[in-house]
Amino acid sequence: MTAEPRPWPAPPATEPVTATVRLPGSKSMTARALVLAALADGPSVIEAPLRARDTTLMAAGLRALGVGVDTTDDDRWVIEPGVLRGPARIDVGLAGTIMRFLPPAAALADGVVEFDGDPHARNRPLKPIVEALRALGVDIDASATGGLPLTVRGAGLIEGGEAVIDASGSSQFVSGLLLSAARFTKGLTLRHEGPPVPSAPHLRMTTHMLRAAGAGVDESVPDVWRVEPGPLRGRTWTIEPDLSGAAPFFAAAMVTGGAVTLAGWPADSWQPAERLSELLTALGAEVTRTDEGLTVTGTGTLRGITADLSEVSELTPVIAALAALADGPSELRGVAHIRGHETDRISALATELGKAGADVTEFPDGLRIVPGPLHGTTFETYADHRMAHAAAVIGLAVPGIDLADVGCTSKTLPEFPELWSELVTRS
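Because the structure is a prediction, the values reported are computed rather than measured.

Caption draft 1: Expanded view of the sheet that holds strand E2 (residues 18–21). As summarised here, the arrangement of the 4 strands in space is E2-E15-E17-E16, forming an open sheet in which the pairing is mixed. Whereas interior strands pair on both sides, the edge strands pair on one side only; in this sheet they are E2 and strand E16 (286–290). Direction aside, neighbouring strands of the sheet carry axes that sit 15° apart on average. Here E16 pairs with strand E17 (residues 293–297) via 5 bridges, running antiparallel. Its bridge partner lying in E17, Thr 290 is registered against Gly 293. With respect to the sheet, helix H7 (residues 243–256) is in contact with E2, strand E15 (259–263) and E17, its orientation differing from that of E15 by roughly 160°. Relative to the sheet, helix H8 (residues 273–282) contacts E16 and E17, its axis offset from that of E16 by approximately 145°.

Have a look at this one:
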């Protein structure tokens, strides 16, 4: 039997947090680089990748399909494309990237490929990409709800052509199809029909990286993406520090009136740094970029905000935590799709922030948070790394916050407990 995780006391800050942090690479960029490298016409190198549960499971899934993925060097992964083939079994863990990026690649394999993952992974939406693949002629079995467990009977090719998808539940539905589309015989013209697609910066990351790998991509018509058939080039991918993973560290500067610099931040980023800067500034921070990196400085005040987070929904838990510590109410909207993330993040945030003493109103697409006198509580983490980040941020200012399971942060940053404790206690 697996032992129950022990609660982890979130360290309170007694001084302003002032530090320079070096964080692993972006999960989103690492996942996309792995898929594009696996489908390329020659070897690739991924420099400064993220080594965490999501990305190591992605690497294992590609190996199961016949791709050579050498991850022995933490800072330099080497990918040797191979003939994709089954039979294979792929463990997606709880990763949306794996369950949505690898089924199209598996359909290019010759043989049967089975997908399953953690228990909650079966609740994460997958049906739109399943239906799109079926429309493109892929033989695929799914659960009664259209999700995991999934079986793809690959025929060694996908003819491609045109497909329609409702990607309002996740931009990953579009990205998953686009990443493999250059290998489709006729390429792919994908049209979204439905409410707006969330997380537009992640879609732009996908199309930027496809072009960098040599694909012809046309996104000039709103909600339509065209990928031309053709080879993808092997290349060296240099992964940026993970902006979403940096959010709790920036929040530490804001809560304590300190300053945190994310080292190694590039001059030109494929991540939504501008939107992050706008949000943190509205909340009361000062955000600057220098040759040293991206720096967030706390001003001693946290302000309530009204914000549409649809483009940066991964930030919602940390933004919600800051809102609970602010000097006035906040309303965070546009994130209905995060109900289908690692957990129902809207409901989970409402429950846990409420337990700590905030007055939280839950909307279908977000939260209204009215700060109140907060107190210690055990913050359930729901096997969700972002919920753990939110709890740690609250714990900076509120004594007695215990995380039910800090181990879930291994999904994207296994070193989080040590990094966080060091950050808070050394300041």
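Caption draft 2: Examining the nonpolar core more closely. The biggest cluster of nonpolar side chains holds 76 residues, and the ones touching the most others in it are Met 58, Phe 115, Leu 188, Leu 232 and Trp 237. Top contributing element to this core by residue count: helix H1 (residues 27–38), with 8 residues. Once residues lying within four places of it in the same chain are set aside, the contact partners of Trp 237 are Ala 33, Leu 36, Ser 44, Val 45, Ile 46, Glu 47, Met 209, Ala 212, Ala 213 and Trp 270. One finds Ala 253, Ala 323, Val 335 and Leu 403 within the second-largest nonpolar core, a separate group that totals 71 residues.

Caption draft 3: Quick peek at the environment of Glu 80. Structurally, Glu 80 can be placed in strand E5 (residues 76–80). Put simply, Glu 80 and Val 69 are 11 residues apart on the chain and 6.4 Å apart in space, counted from C-alpha to C-alpha. Excluding anything up to four places from it in sequence, Glu 80 contacts Pro 43, Val 67 and Gly 68.

Caption draft 4: Broad picture of the packing of aromatic side chains. Scanning the entire structure with this criterion turns up 3 aromatic pairs. Relative to Phe 416, the ring of Phe 249 lies with its centre 5.9 Å away and its plane at 70°, an arrangement referred to as edge-to-face. Taken together, the residues span a long stretch of sequence, with Phe 249 in helix H7 and Phe 416 in helix H12 (residues 416–426) at a distance of 167 residues. For the pair shown, Phe 249 and Phe 416 are each scored as buried. For the pair Phe 249 and Trp 420, a centre-to-centre distance of 5.6 Å together with 65° between the ring planes defines the contact as edge-to-face. Taken together, the residues span a long stretch of sequence, with Phe 249 in helix H7 and Trp 420 in helix H12 at a distance of 171 residues. We note that Phe 249, like Trp 420, is buried. An aromatic cluster is present here, built from Phe 249, Phe 416 and Trp 420 joined pairwise through their rings. The positively charged end of Arg 235 is found above the aromatic ring belonging to Trp 237, 4.2 Å away from the centroid. The ring of Phe 363 has Arg 333 sitting right over it, with the charged end atom 3.9 Å from the ring centre.

Caption draft 5: Focus on the pattern of salt bridges. Under the definition given, this model contains 25 salt bridges. One salt bridge connects Asp 74 with Arg 51, and the closest N-O pair in it is separated by 2.6 Å. With Asp 74 in the loop between strand E4 (68–70) and E5 and Arg 51 in the loop between strand E3 (44–47) and helix H2 (53–64), this pair connects stretches of sequence that are 23 residues apart. Looking at Asp 74, the relative accessible area reads 45%, which means it is partly exposed. Among the charged side chains, a network of salt bridges with common partners joins Lys 27, Asp 54, Glu 314, Glu 342, Arg 345, Asp 384, Arg 386 and Lys 411.

Caption draft 6: Spotlight on the sheet that holds strand E21 (residues 366–370). The strand order across the open sheet built from 4 strands is E18-E19-E21-E20, with neighbouring strands paired in mixed fashion. Two strands bound the open sheet, and with one partner strand each, they are strand E18 (306–308) and strand E20 (359–363). Strand-to-strand twist of the sheet, defined as the mean angle between neighbouring strand axes without regard to direction, takes the value 10°. Pairing geometry for strand E19 (residues 330–333) and E21, over 3 bridges, is antiparallel. Paired with Ser 330 across the bridge in E21 is Ile 369. Across the sheet, helix H10 (residues 345–355) is in contact with E20 and E21; its angle to E20 comes to roughly 165°.

Scoring rules and cut-offs
Residues numbered from 1 in each chain as written. Predicted model: local features only at pLDDT ≥ 70, side-chain atom pairs only at ≥ 80, totals over all residues. Heavy atoms only, no water. Pairing = 2+ DSSP bridges. Helix = DSSP H or I, 4+ residues; strand = E, 2+ residues; numbered from the N terminus. Axes fitted to C-alpha atoms, helices over the stretch in contact; angles between N-to-C directions. Contact = heavy atoms within 4.5 Å. Core = buried A, V, L, I, M, F, W, Y, C linked by side-chain atoms within 4.5 Å. Buried < 20%, exposed > 50% of the residue type's maximum accessible area, 1.4 Å probe, protein only. Phe/Tyr/Trp six-rings, centres within 6.5 Å; stacked < 30°, edge-to-face > 60°. Lys NZ or Arg CZ within 6 Å of the ring centre and 35° of its normal. Salt bridge = Lys/Arg side-chain N within 4 Å of Asp/Glu carboxyl O.

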